Amino acid sequence: MTRKRHIYGINFILWLSFIAFAAVIILLTWLFQTTLLRVFFGAEMTDDLTSVGEEAYDRIGFLMQIPGGEEEINRFMVQVMNENDLVTIYLLDTSGNILYPTEVIDPDGYGFVVEPDVAVFRRAVTYLEEAVAGGQDASRGLAAVVSGENYVYIARYPAGRYAVDMNTTGDIYLYVDYSTQLTEAAMGSMRVQLIAITVIVIFLALVISVLLSLWLTKPIKRITRAAKRMAAGDFSVNFKGEYSYAEMDALADTLDYAKEEIGKSDALQKEVLANVTHDLKTPLTMIKAYASMIQEISGADPEKRAKHTQVIIDESDRLTSLVNDILNISKIRSGMDTLKLRRLNLSDFIRTVLERFDYLVETQGFTIEREIEEGLYTEADAEKLEQVVYNLVGNAVNYTGEDKKISIGLHREEKGTLRFTVTDTGKGIPEEERATIWDRYYRSAETHKRPIKGTGLGLSIVKTVLLKHDFRFGVESEVGKGSTFYVLFPEK
C-alpha cells in the first residue's frame, strides 16, 4: 500500500502553528471584547438600573401619597439624576408626556429635562404588560433592554392611587433611561487598541516563527543528509555533531548505533538466509522420500499406514512451500534478487497465468470470469509478476463464496495507468483487518477447505514484489459482499 508523502516542511509547519496560535489568541480577545465584555457591561447596567429604579419607585410612591408633595417628588428626581450622570428619570403618562420632573437646576447648568424617546417608552410599556401577563413579578417594575440597545427601567403606578396633583387621571409610569454613551466610547477605544495589538502580534509571530524554524531545522537537515547516505549503503557517515538541544544529540546517538548494527547485520542476514534455506530444504526432501517409502512398503494396517504417511507428505510439501516463500521474500527485500524488467503484454501474460486454474473450473465447479482488455503493456519482472497474479487469484479461490465465483479484470483506468483486479464473493474483510492482511503469516479467522494450499505468505509476497516495483496496490472490501484486490500498473 502506498504511503502519502508530506509536502510541507517543519519551517512551514512552525510558521503556520505560530500564526494559528496568534490568530486564536486574537480571536478570543475579539470575542471577549465584542461579546463577553458587552454581556458583562449589560449585566452591570441592568443591575444599576434595577437598583436605581426600585429605590425611585418606592420613594416616589411614598411621596405620591402625601398631599402637596409635588416639590418633594421633583427634588428627589433631580437629586437622583445629579448623583448618577448616566441616568435620566421620568414620570410619564400613558402617552409618553413628561409629568415630572418639571425643571432641573443642577450644578452643571442644565435647565430642562430632555424629552424621552416615545417609541422606546411604548415598547418598554409593552414589555412590562407582557411580563405581567406571563406571571412575572413586576410589582416594583422591571429593567429591560428595548430594541437591542436601549437600557430602561419601567414601572407603573395605577390610576387613582396618588394624593398629589399629577395632571392626569390615568396610569403613571416611572421611566428610567440609562445612557450607554460612555460604554460605547470605551468599547470603541478598546477596538482601536485591539487592532494595533493584532498587527503587532501577527508581525511578532511571523518573525519569531521564521527564526525558530531556521534554528530547529538546521541540525535536522544535517542528519537527513547523513541518513540518505547511510540508506545508499555508506556506513561511514557520522551523525554526531554540535547540536543546540538535547533531543538532537539523543537522535544522533541512536542513529549512530543503528548504523553500526545495520552494518553488522547486513552481511550476516544474507549469509544466514542462504545457509538456513539450504539446510531446511535438504531434510524436508528426505522426510518426504522416507514417508513415501513407508506408505508403499511398510506397516500391517494399510489404511492407517496410508493415512499417517499422507500427513507426513502433505506437511513436507507445506514446509517446502513455506521455505520457498521465505526465500523469495528475503531475496527481494535484501536486494539479492534484482528485478529483471522488460516490456511485456500484460493482457496475454495474465491469461497465461489464469490457464493454471482451468482445472478448478473443470473439476470443482469454479467460475472464473475474465474481462481483460486487449493490447495492454507494462514494464515489470515477469517471473515476480507471475507470483503476484498467481497468489492473488489463489487467495480469491480460497476465500470466495459458496458460489465459487471469481472475477478477473484488466483495463485502462486513465491515461498511463492500467488497473488489474481480482474479485471474490466471500465474507469480506473487516476494516480493522485490512491493514494486516499483507503481513507475513496472516490468515483469516474463517476456516476454508479450498484447493489452493497456502503458507500464509502469499499476500506478503505480493506486497514485497509490488513495493519493489513501486506499483500502487490495495484492497476494497465490504463485509458480507466479498473483496476486490487491485494493482495499478504503469502503461508502457
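Here goes a summary of the coordinates provided. None of the values given here were measured: they were computed from a predicted structure.

So, on to the overall build of the protein. The secondary structure content of the protein amounts to 10 helices and 12 strands. Put simply, the protein has 492 residues, and 36% of those count as buried. Here the analysis covers contacts within the protein between residues at least 6 apart in sequence; of these, 68% occur between residues at least 24 apart. When the accessible surface of the protein is split by element, carbon and sulfur atoms take 56% of a total near 29,000 Å².

A separate point is the packing of helix α7 (residues 346-354) against helix α9 (residues 382-399). Between α7 and α9, whose axes approach to 10 Å, the crossing angle comes to 55 degrees. Here α7 is positioned oblique relative to α9, judged by the angle of their axes. For the pair α7 and α9, the crossing hand works out as right-handed. Together, Leu-346, Phe-349, Ile-350, Val-353 and Leu-354 of α7 and Ala-382, Leu-385, Glu-386, Val-389, Tyr-390 and Val-393 of α9 make up the contact between the two elements. Across the contact of α7 with α9, the residue classes tally to 10 nonpolar, no polar and one charged.

Where α9 contacts helix α10 (residues 458-469), the two axes come as close as 9 Å, and the packing angle between them is 145 degrees. Crossing of α9 over α10 shows left-handed handedness. Residues Lys-384, Gln-387, Val-388, Asn-391, Leu-392 and Asn-395 of α9 pack against Gly-458, Leu-459, Ile-461, Val-462, Val-465, Leu-466 and His-469 of α10.

Attention now goes to the nonpolar core. Soluble globular proteins: nonpolar side chains tend toward being buried together. Core analysis: the largest hydrophobic core is formed by 41 residues, its most contacted members being Leu-346, Ile-350, Leu-392, Ile-408 and Phe-420. Of all the elements in the fold, those that place two or more residues in this core are α7, β7 (367-372), α9, β9 (405-414), β10 (417-424), α10, β11 (472-478) and β12 (482-490). Considering each element in turn, this core owes the most residues, eight residues, to α9. With near-sequence residues (within four places) excluded, Phe-420 lies in contact with Ile-350, Val-389, Leu-392, Ile-408, Gly-409, Leu-410, Phe-485, Tyr-486, Val-487 and Phe-489. Listed in part, the 29 residues of the second largest apolar core include Leu-49, Val-80, Val-164 and Met-166.

Looking now at α9. Over its 18 residues, α9 extends 26 Å from the first C-alpha to the last, a length consistent with the 26 Å expected when each residue adds 1.5 Å. Burial runs high along α9: 15 of the 18 residues are buried. The opening residue of α9 is Asp-381, an N-cap whose side-chain oxygen sits 3.1 Å from the backbone nitrogen of Glu-383.

Here the focus is the pattern of salt bridges. Under the definition given, this model contains 15 salt bridges. Connected through salt bridges with shared partners, the residues Glu-54, Asp-58 and Arg-140 form a single ionic network.

Quick look at the sheet that holds β11 now. Strand order in this open sheet of five strands is β7-β9-β10-β12-β11, and the pairing throughout is mixed. Each edge of the open sheet is held by one strand with a lone partner, namely β7 and β11. The mean inter-strand angle of the sheet, taken between neighbouring strand axes irrespective of direction, is 15 degrees. Pairing of β7 with β9, which is carried by six bridges, proceeds in the parallel orientation. In the sheet register, Ile-368 faces β9, and the bridge partner there is Ile-406.

Next up on the list: the sheet that holds strand β3 (residues 142-146). Taken in spatial order, the five strands make up an open sheet running β2-β1-β5-β4-β3, and their pairing is antiparallel. Every interior strand has two partners, whereas the edge strands, β2 (98-100) and β3, have only one. Between one strand axis and the next, the sheet turns by 40 degrees as a mean value, whatever way the strands run. Contacts from helix α2 (residues 70-83) reach β1 (87-92) and β2, with the element oriented near 155 degrees to β1.

Here we come to the environment of Asp-93. Position of Asp-93 relative to the elements: it lies in the loop between β1 and β2. For Asp-93, a relative accessible area of 11% gives the class buried. Placed 80 residues apart in sequence, Asp-93 and Tyr-173 show a C-alpha to C-alpha distance of 6.2 Å. Leave out the neighbours within four places in its chain, and Asp-93 touches Leu-99, Phe-121, Thr-168, Asp-171 and Tyr-173. Polar contacts involving the side chain of Asp-93 include one to the main-chain amide nitrogen of Gly-96, which spans 3.0 Å.

A few words on the pairing of β9. In this sheet, β10 lies alongside β9 in antiparallel orientation, the contact comprising eight bridges. Its bridge partner being in β10, Ser-407 is matched across the sheet by Thr-423. Between the antiparallel neighbours β9 and β10 lie two residues, among them Gly-416 with a positive phi of about 90 degrees.

For an α-helix, the turn length of 3.6 residues means that residues three or four places apart are oriented alike. Compared with an ideal rise of 1.5 Å per residue, which puts 14 residues at 20 Å, α2 spans 20 Å between its outermost C-alpha atoms and is within 8% of the ideal. Along α2, the residues that are buried comprise Ile-73, Asn-74, Phe-76, Met-77, Val-78, Val-80 and Met-81.

With that settled, the discussion passes to the environment of Asp-381. One can find Asp-381 in strand β8 (residues 377-381). By relative accessible area, Asp-381 is classed as buried at 3%. Between the C-alpha atom of Asp-381 and that of Lys-340, which follows or precedes it by 41 residues, the distance is 5.0 Å. Among all residues touching Asp-381, those that are not within four sequence positions of it are Thr-338, Leu-339, Lys-340, Leu-341 and His-469.

Below, the discussion takes up the packing of aromatic side chains. Summed over all chains, the structure comprises eight aromatic pairs. The interplanar angle of 5 degrees and the centroid separation of 4.6 Å between the aromatic rings of Tyr-57 and Tyr-157 together place this pair among those described as stacked. Within this pair, whereas Tyr-57 is found in helix α1 (residues 10-63), its partner Tyr-157 is found in strand β4 (residues 150-157), the two being separated by 100 residues in sequence. Measuring from ring centre to ring centre gives 5.0 Å for Trp-438 and Phe-473, while their planes differ by 75 degrees; the resulting arrangement is edge-to-face.

Turning next to the pairing of β12. If a strand is regular, its side chains alternate between the two faces of the sheet. In terms of burial, β12 is largely enclosed, as eight of its nine residues are buried. Summarising the sheet, β10 and β12 pair through seven bridges and their orientation is antiparallel. Looking at the pairing, Val-422 lines up with Phe-485 of β12. Relative to β12, β11 runs antiparallel, the two sharing seven bridges.

Rules of the game
- Residues numbered from 1 in each chain as written.
- Predicted model: local features only at pLDDT ≥ 70, side-chain atom pairs only at ≥ 80, totals over all residues.
- Heavy atoms only, no water.
- Helix = DSSP H or I, 4+ residues; strand = E, 2+ residues; numbered from the N terminus.
- Buried < 20%, exposed > 50% of the residue type's maximum accessible area, 1.4 Å probe, protein only.
- Contact = heavy atoms within 4.5 Å.
- Areas by Shrake-Rupley, 256 points an atom, 1.4 Å probe, with all protein chains shown as cover.
- Axes fitted to C-alpha atoms, helices over the stretch in contact; angles between N-to-C directions.
- Parallel < 35°, antiparallel > 145°, perpendicular 65-115°, else oblique.
- Left-handed = near helix turned anticlockwise from the far one by under 90°.
- Nonpolar A, V, L, I, M, F, W, Y, C, P; charged D, E, K, R; others polar.
- Core = buried A, V, L, I, M, F, W, Y, C linked by side-chain atoms within 4.5 Å.
- Expected span 1.5 Å × (residues − 1).
- Polar contact = N/O pair within 3.5 Å; in protein donor to acceptor, adjacent residues only side chain to side chain.
- Salt bridge = Lys/Arg side-chain N within 4 Å of Asp/Glu carboxyl O.
- Pairing = 2+ DSSP bridges.
- Phe/Tyr/Trp six-rings, centres within 6.5 Å; stacked < 30°, edge-to-face > 60°.

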